[in-house]
Amino acid sequence: MTRTTHHPAEPVEPMEPVDAVLPEDTTAPGPTPPGAAARSARPRRRSALRRTVTVVGVLAPLGLVGWLGWQAVGGPDRGTPDAAPPSTAPNAAAPGTNTPGTNTTTNAPAPDTATPGTTAPGAPTDPALPAPAPGAPSATTLTGRTVVLDPGHNTGNSAHTAEINRKVDIGTARKECDATGTATNAGYTEAEYSLDVVRRARAILAARGATVVLVHDGDRPWGPCIDERARIGNTAHADAAVSVHGDGGPASGSGFHVIMPAKVVSGKANTSAITDPSHRLGLLLRENFQAATGEPYADYTASQGLDTRSDLGGLNLSTVPKVFIECGNMRNPADARRMTDPQWRQQAAQGIADALTAFLTTR
C-alpha cells in the first residue's frame, strides 16, 4: 500500500461546485448595512475566479491528450479509407464447361482468380489453413494433356435396334455396333449411370487443366458404334482413355473390375504399343477407384479386380492407352443401391479422375 504524507497549507476558502445550485434562501431580507454589498461581492468574485482557473486547469490537459490521440488514429489528412465497393466483374465460367458445339472440355480459369488451395506469390500464409499436400493436383497439373472419356452405351439405343445391331470390324471378328446395356431392377440404366459419372469426372479433370473429350455427351440419338468410339480417342491423340460401364452379372455377385487390352495384332487391330501403358493405367484405376469408393473387387469375375480381353472393339482398335471399368454389378441389390446414389457416383468419378491424373503425372 502507498502512503501519502500531508503538509500543512494555508487555509483555502472552500470552493463551491461549478454547476452546484444553491438552495433558495427563505430568510426574509433585512436592511443591508452600509458597505456590506461591496464586501460580499469581492469574495464571491474571487471564488468564481478560482473555480474558473481550476476548471481550465483540469480540462486543458484532457483536451490536449484527446487531440493527440485523434491525430495518431486518423486525422482529416489520413483518415481510414472507405470500404472497397462491391465487385462488378462478371462471374467467371465454371471449370468443366463444354466448348460450344463440341464434346471437348478445356480448363479456362477466370482472370485474376486465385486457384483454390494455392497461395498467391508473396501472400502471407494463414496458419489456420492446412497447407496443400505436396503434389496435390492444381489447375495446371494436367495442362497440355488430353483425356478421352467414353460413357458406355446410350439411352436411345433401345429405340434404334436396327442401327446398333449391324456388325462392325473389330480386328479379331465382326461384332454388333453397340448394345443397350444393363439396368438395375428398378430401371436405372447403365447408359444413365455411365454418362453421369463421366460428366462428373470431366469436371474434375478440366479443373486440373486437362482437355477432356467425351465420346458422346447424351447428344446423339444412339451409339456411337464401338469402332467409332475407338476412333474418336485416336483422332484426339489422347494421352489416355477410359470407358465407363456398369456390369450385368449374376445377382449374387458384387464388386468392380477393370478390363485391359490383350496384345492383339489382327486385321485393323494392333494393340502392341498400348498394352503396357494400358496395364499401368488399369492398375492405377483399380487402386484409385477402390480408395475413392470403398467398393470391393468383383467376386464373380476377373481376378483381383483385373481382367484382360481381346474381344472388345473399343480396346482392340485403340491406338492410345485405354481401359474399361465395370464400376459395379447393377443386378446386385447392394451394388445397385450404391450406383444409384449421386454421392457415390461422385466418389466413382473422383477415383477415375485421380487414376488418370496419376497415370499422366507419374512413370
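My aim in this report is to walk through the structure given alongside it, one point at a time. (Residues numbered from 1 in each chain as written. Predicted model: local features only at pLDDT ≥ 70, side-chain atom pairs only at ≥ 80, totals over all residues. Heavy atoms only, no water.)

## Overview of the overall build of the protein
The secondary structure content of the protein amounts to eight helices and 11 strands. Looking at the protein as a whole, 37% of its 363 residues are labelled buried. Considering only contacts within the protein whose residues lie at least 6 apart along the sequence, 80% involve residues at least 24 apart. About 21,100 Å² of surface is accessible on the protein, with carbon and sulfur atoms providing 57% of the total. (Helix = DSSP H or I, 4+ residues; strand = E, 2+ residues; numbered from the N terminus. Buried < 20%, exposed > 50% of the residue type's maximum accessible area, 1.4 Å probe, protein only. Contact = heavy atoms within 4.5 Å. Areas by Shrake-Rupley, 256 points an atom, 1.4 Å probe, with all protein chains shown as cover.)

## Overview of the state of the cysteines
In total, this model carries one disulfide according to the counting rule given. Note on cysteine connectivity: Cys177 is disulfide-linked to Cys225, with sulfurs 2.0 Å apart. Taking the torsion about the sulfur-sulfur bond, which here is approximately -90 degrees, the covalent link between Cys177 and Cys225 counts as left-handed. With Cys177 in the loop between β4 (174–176) and α3 (190–207) and Cys225 in the loop between β5 (211–214) and α4 (226–235), this pair connects stretches of sequence that are 48 residues apart. Judged on exposure class, the residue Cys177 and its partner Cys225 are both buried. (Disulfide = S-S within 2.5 Å.)

## Observations concerning the packing of helix α5 (residues 275–293) against helix α8 (residues 342–361)
It is the contact of α5 with α8, at a shortest axis distance of 8 Å, that shows an interaxial angle of 145 degrees. Between α5 and α8 lies a crossing of right-handed hand. Contact with α5, carried on its side by Pro277, Arg280, Leu281, Leu284, Leu285, Asn288, Phe289, Ala292 and Thr293, involves Trp344, Gln347, Ala348, Gln350, Gly351, Ile352, Asp354, Ala355, Leu356, Ala358 and Phe359 of α8 and no other residues of that element. (Axes fitted to C-alpha atoms, helices over the stretch in contact; angles between N-to-C directions. Left-handed = near helix turned anticlockwise from the far one by under 90°.)

## Topic: α4
Within α4, seven of the 10 residues are buried, which leaves the element mostly enclosed by the surrounding structure. Every buried residue of α4 is listed here: Ile226, Asp227, Arg229, Ala230, Ile232, Gly233 and Asn234. Just downstream of α4 lies His237, where phi reads positive at about 50 degrees.

## Some details on unusual backbone geometry
Here Gly223 and Pro224 are connected by a cis peptide whose omega angle stands at 5 degrees. Along the polypeptide, Pro224 turns up in the loop between β5 and α4. Although it is not a glycine, His153 adopts a positive phi angle of roughly 65 degrees. Take His153: its relative accessible area is 12%, and that puts it in the buried class.

## Thoughts on the side chain of Thr146
By the element assignment, Thr146 lies in strand β2 (residues 146–151). The class for Thr146 is buried, based on a relative accessible area of 15%. If we skip the residues at most four places from it in the chain, Thr146 touches Thr211, Val213, Ala236, Ala238, Asp239 and Ala240.

## Regarding the packing of α3 against α8
Orientation of α3 relative to α8, taken along the N-to-C sense of each, is 55 degrees, at an axis distance of 8 Å. It follows from the interaxial angle that α3 and α8 lie oblique. Regarding α3 and α8, the two cross each other, and that crossing is right-handed. Along its contact with α3, which presents Tyr193, Asp196, Val197, Arg200, Ala201, Ile204 and Leu205, the element α8 presents Pro342, Trp344, Arg345, Gln346, Ala348, Ala349, Gln350, Ile352, Ala353, Leu356 and Thr357. The class makeup of the residues in the contact of α3 with α8 is 12 nonpolar, three polar and three charged. (Parallel < 35°, antiparallel > 145°, perpendicular 65-115°, else oblique. Nonpolar A, V, L, I, M, F, W, Y, C, P; charged D, E, K, R; others polar.)

## Here we look at the packing of aromatic side chains
Tallying each qualifying case throughout the model produces three aromatic pairs. For the ring pair Phe256 and Phe289, a centre distance of 4.8 Å and an interplane angle of 55 degrees mean the geometry is tilted. In this pair, Phe256 sits in the loop between β6 (240–247) and β7 (257–261) while Phe289 sits in helix α5, placing the two residues 33 residues apart along the sequence. Phe289 carries the same exposure label as Phe256, and that label is buried. (Phe/Tyr/Trp six-rings, centres within 6.5 Å; stacked < 30°, edge-to-face > 60°.)

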